[in-house]
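So the chains spell out like this:
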Amino acid sequence: MRTPRDSPLVELTDVELSLGGRPLWRGLTLSIRPGEFIAVLGPNGSGKTSLLRMLLGQLRATAGSVEVAGSVGYVPQQHADDADPLAVRGLDLVGFGVDGASWGVGWRHRRRRRRLVAAAVAQVDAARFASRPFGLLSGGEQQRLRVAQALTRDPELLLCDEPMSSLDPGSGQRILELLDQRRRTEGTALVFVTHEINPVLPYVDRVLYLVGGRFVIGTPDEVMTTDVLSALYGSRVDVARIGARLVVLGAEDGHHCADESVLGG
Ligand SMILES: Nc1ncnc2c1ncn2[C@@H]1O[C@H](COP(=O)(O)OP(=O)(O)OP(=O)(O)O)[C@@H](O)[C@H]1O
C-alpha cells in the first residue's frame, strides 16, 4: 500500500549527522510529502551525499530521529561500474535493481523479473537501446537506465545524486522531465542532489541548502536570495536573476564561483 498523499514519507526531527567526529549538520528538521521535489544544494563536502545515505539507512544519525516510510529508490552518482561494461547489457543493469530487492529462482521469478525490467525500461523510454552493451551507450542513455534500475522497486521516495552531471543539457532535461512525470503520476517524492539550480528551478518545490554545518530550507524564492545565501555562507554572496535564471556570485566553492556562476542551462 502506498503512503497517502497527505502523510509524510520522510520525517527528520532535530537530526545531527557526524562523520569522522565532525558534525556535518545539526538540528535538521524536515518533512517530505509524496510527490514533493526537493533539491539539495551546497558546496563540495557539505554532506549532500551523506544525507542521501542517511535516508537509505546506510548512515546512522548521531542525534534526533529519522523516519522513512515506504520504498526507497536510489540513482547514484555516475561512476565506472564495477562489472565489465561491455559484458553487461542495459537490460541486465536494470535487472540488478530487481535482484537487489528480492531473491528468487525459477520461471516465476524470471517472468516477474522480465516484466518489471520491461516496465521500468518503458518508463524511461529506453527500449530502443536497452539491449546494447551498457558501456557503449551515451552518458544520457546510461543515466536513463540507472533511473530505470531505481524504478524497478516502484519507489515512493527516489533519491538522486547528481543524476545530470556530465550530461549535455538536452539529456539532463530529459531525465528531469521523466522524474517530474513520475512524481506527478505516482506521487514519488524526489530528493535531488545537484550543483545546478537552474535546470531544476521550474520543477522544484523546496531547496535544502547545506553549507559548512549550517542549512536553510524553503522555496527557491525564499532561499536563493543575496541575504539568505550571504548569511548561510557567512560572506557576501550575490544572487541575481537574469530572465528565468539565477546567477550566484561569490559563493566559496568551485561550483559556485563567479566564473561558473550561471548554474546550468
Ligand atoms: N564514512 C565517512 N567517514 C568519515 N567522513 C566521511 C565519510 N563519508 C563522507 N565523509 C566526509 O563527510 C563530508 C561530506 O561528504 P559528502 O560526500 O556527503 O559531501 P557532498 O556534499 O556530497 O560533496 P560533493 O559535492 O563533493 O559530492 C566530506 O568531508 C567527506 O569527506
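Residues numbered from 1 in each chain as written. Predicted model: local features only at pLDDT ≥ 70, side-chain atom pairs only at ≥ 80, totals over all residues. Heavy atoms only, no water.

- Under an unreviewed UniProt entry, the name given to the protein chain is Metal ABC transporter ATP-binding protein, and the organism recorded is Gordonia defluvii.
- Quoted straight from UniProt, the Sequence similarities (unreviewed entry) entry for the protein chain says "Belongs to the ABC transporter superfamily." (UniProt positions renumbered as here; feature names shortened; annotations may be inferred.)

Describing the packing of aromatic side chains
Aromatic ring pairs are reported here in terms of the distance separating the ring centres and the angle at which the planes meet.
Reasoning step 1: According to the stated counting rule, one finds three aromatic pairs in the structure shown.
Reasoning step 2: With a centroid separation of 5.3 Å and an interplanar angle of 45°, the aromatic rings of Phe 37 and Phe 192 are classed as tilted. Highlighted residues: Phe 37 in strand S3 (residues 37-41) and Phe 192 in strand S7 (residues 189-193), separated in sequence by 155 residues.
Reasoning step 3: According to the relative accessible area criterion, Phe 192 is buried, its value standing at 0%.
Reasoning step 4: Relative to Tyr 233, the ring of Tyr 209 lies with its centre 5.9 Å away and its plane at 75°, an arrangement referred to as edge-to-face. One end of the pair, Tyr 209, is in strand S8 (residues 206-211); the other, Tyr 233, is in helix H8 (residues 226-233), and 24 residues separate them in sequence.
Reasoning step 5: Residue classification places Tyr 209 among the buried positions, given a relative accessible area of 0%. (Phe/Tyr/Trp six-rings, centres within 6.5 Å; stacked < 30°, edge-to-face > 60°. Helix = DSSP H or I, 4+ residues; strand = E, 2+ residues; numbered from the N terminus. Buried < 20%, exposed > 50% of the residue type's maximum accessible area, 1.4 Å probe, protein only.)

Concerning the sheet that holds S8
Reasoning step 1: A sheet is described by the order of its strands in space; here six strands give the open sequence S5-S6-S7-S3-S8-S9, paired in mixed fashion. Because the sheet does not close on itself, it has two edges, and the strands there are strand S5 (72-75) and strand S9 (214-218). Neighbour-to-neighbour, the strand axes of the sheet open up by a mean angle of 15°, direction not taken into account.
Reasoning step 2: One ladder, built from four bridges, connects S3 with S7; its direction is parallel. Counted as the bridge partner of Phe 37 is Leu 190 from S7.
Reasoning step 3: Of the strands in this sheet, S8 and S9 are in contact with H8, which crosses S9 at around 155°. (Pairing = 2+ DSSP bridges. Axes fitted to C-alpha atoms, helices over the stretch in contact; angles between N-to-C directions. Contact = heavy atoms within 4.5 Å.)

Notes on the sheet that holds strand S1 (residues 10-19)
Reasoning step 1: Reading across the sheet, the three strands line up as S2-S1-S4 and stay open at both edges, with antiparallel pairing between neighbours. A strand with exactly one partner marks an edge of an open sheet, and here the two such strands are strand S2 (22-32) and strand S4 (63-68). The sheet shows a mean angle of 30° between the axes of neighbouring strands, direction not considered.
Reasoning step 2: Pairing of S1 with S2, which is carried by seven bridges, proceeds in the antiparallel orientation. Opposite Leu 12, over in S2, you have Leu 30 as the bridge partner.

Quick notes on the site of the ligand
Reasoning step 1: Around the ligand sit 15 residues in total, of which Arg 22, Asn 44, Lys 48, Thr 49 and Ser 50 are the nearest.
Reasoning step 2: Ser 46 is positioned such that a nitrogen or oxygen atom in its backbone is 3.2 Å from an oxygen atom of the ligand.
Reasoning step 3: Contact between the ligand and His 195: an oxygen atom at 3.3 Å from a side-chain N or O atom of the residue.
Reasoning step 4: A total of 640 Å² of accessible area belongs to the ligand in isolation, and the protein chains cover 61% of it.
Reasoning step 5: Among the secondary structure elements, those contributing two or more residues to the shell around the ligand are S2 and helix H1 (48-55).
Reasoning step 6: Top element by residues in the shell around the ligand is H1. It accounts for three residues.
Reasoning step 7: In the shell around the ligand, the residues fall into three nonpolar, nine polar and three charged. (Near = heavy atom within 4 Å. Polar contact = N/O pair within 3.5 Å; in protein donor to acceptor, adjacent residues only side chain to side chain. Areas by Shrake-Rupley, 256 points an atom, 1.4 Å probe, with all protein chains shown as cover. Nonpolar A, V, L, I, M, F, W, Y, C, P; charged D, E, K, R; others polar.)

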